[in-house]
Amino acid sequence: MTLPTTILTMVQATKKIDNGLNEQNTILDHVDLTIQKGDFITVLGGNGAGKSTLFNVLAGSLPLTSGDIRLKHQDITNWKEEKRATVFARVFQDPKQGTAPRMTVAENLLLALHRGEKRTIKRRELKENEPVFYELCASLGNGLENHLDTPTGNLSGGQRQALSLLMATLKDPELLLLDEHTAALDPKTAKQLMKFTNQRIQEKELTCLMITHRMEDALQYGNRLLLLKKGKIKKDLNAQEKKKLTLNDLFLFFEEED
Ligand SMILES: Nc1ncnc2c1ncn2[C@@H]1O[C@H](COP(=O)(O)OP(=O)(O)OP(=O)(O)O)[C@@H](O)[C@H]1O
């Protein structure tokens, strides 16, 4: 049996925000979290529970007030957002956020292939990578392979989110952050993208945190489930505990007073 490899550790991670009345609100409250390689963790919590804050402090868009974050035992607490983007990839809820609208599908994929490098797009490289990009897009099953030369602003929301997911996973990030990435899609498209997401995570053996408000998805996918309330992790369920969990248990959790 191989021992699990720790990818990420948060120790007493806390974020306080000035509320404008000379007081501070704690929006992430002394969070301890250890993520092992290959974990696919679904993250649930009501509005304002702190899910996006958790992602923002991981991605570096919000600095921690106290506590620290370690990536494979390296302290990354003070790494800037740009540096963290070389190891973490994030897909947002809004299809407009993940891709450059005036650039074509192929150009966006080429940018993703060179994530973290400062360089311009070369026509020759686009040509060379075309067969790879075609196959990659065809694997989505939504016709994106026929739009390699289409600016992404002209794609459907579903195609654009699928492309964002492909881009985020192209270079095997240490940690994939899915921030309600299916929430803006119609039920059928959301289901297809979720199926593809799971397939991609399994195939590439990625480590992933996924925020969702779809409780069925939180139960169906992943090997671990976090329940957040008032900036705290209230439950961290492992695979066995998660298997036993029902939709009713989740409804009860949301209704519970603290
Ligand atoms: N930059 C900020 N400035 C002030 N308050 C903030 C900031 N970011 C988050 N908050 C507050 O922190 C709390 C947690 O917000 P957060 O967006 O993390 O919740 P969430 O669980 O993602 O909610 P939702 O499901 O509605 O997206 C909320 O009360 C929110 O108003």
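Look a little higher up for the structure.
Residues numbered from 1 in each chain as written. Predicted model: local features only at pLDDT ≥ 70, side-chain atom pairs only at ≥ 80, totals over all residues. Heavy atoms only, no water.

A. Layout of the sheet that holds strand β2 (residues 24-36). Strand order across the open sheet formed by 4 strands is β2-β1-β4-β5, with antiparallel pairing between neighbours. The sheet is open, and its two edges are formed by β2 and β5 (74-75), each paired on a single side. As paired strands, strand β1 (residues 6-18) and β2 are joined by 9 bridges and run antiparallel to one another. Looking at β2, one finds that Lys15 is bridged to Leu28. (Pairing = 2+ DSSP bridges. Helix = DSSP H or I, 4+ residues; strand = E, 2+ residues; numbered from the N terminus.)

B. Highlighting the sheet that holds strand β8 (residues 208-211). Spatial ordering of the open sheet is given by β6-β7-β8-β3-β9-β10, a layout of 6 strands whose pairing is mixed. Two strands bound the open sheet, and with one partner strand each, they are β6 (88-91) and β10 (232-237). Strand-to-strand twist in this sheet, taken as the mean axis angle between neighbours without regard to direction, amounts to 20 degrees. When β6 meets strand β7 (residues 175-179), the two strands line up parallel, connected through 4 bridges. (Axes fitted to C-alpha atoms, helices over the stretch in contact; angles between N-to-C directions.)

C. Region of interest: the packing of aromatic side chains. A complete count under the given rule lists 1 aromatic pair for this structure. Here the basic side chain of Lys229 rests over the ring of Phe253, its NZ or CZ set 4.5 Å away from the ring centre. (Phe/Tyr/Trp six-rings, centres within 6.5 Å; stacked < 30°, edge-to-face > 60°. Lys NZ or Arg CZ within 6 Å of the ring centre and 35° of its normal.)

Just distances and angles here, no functional claims.
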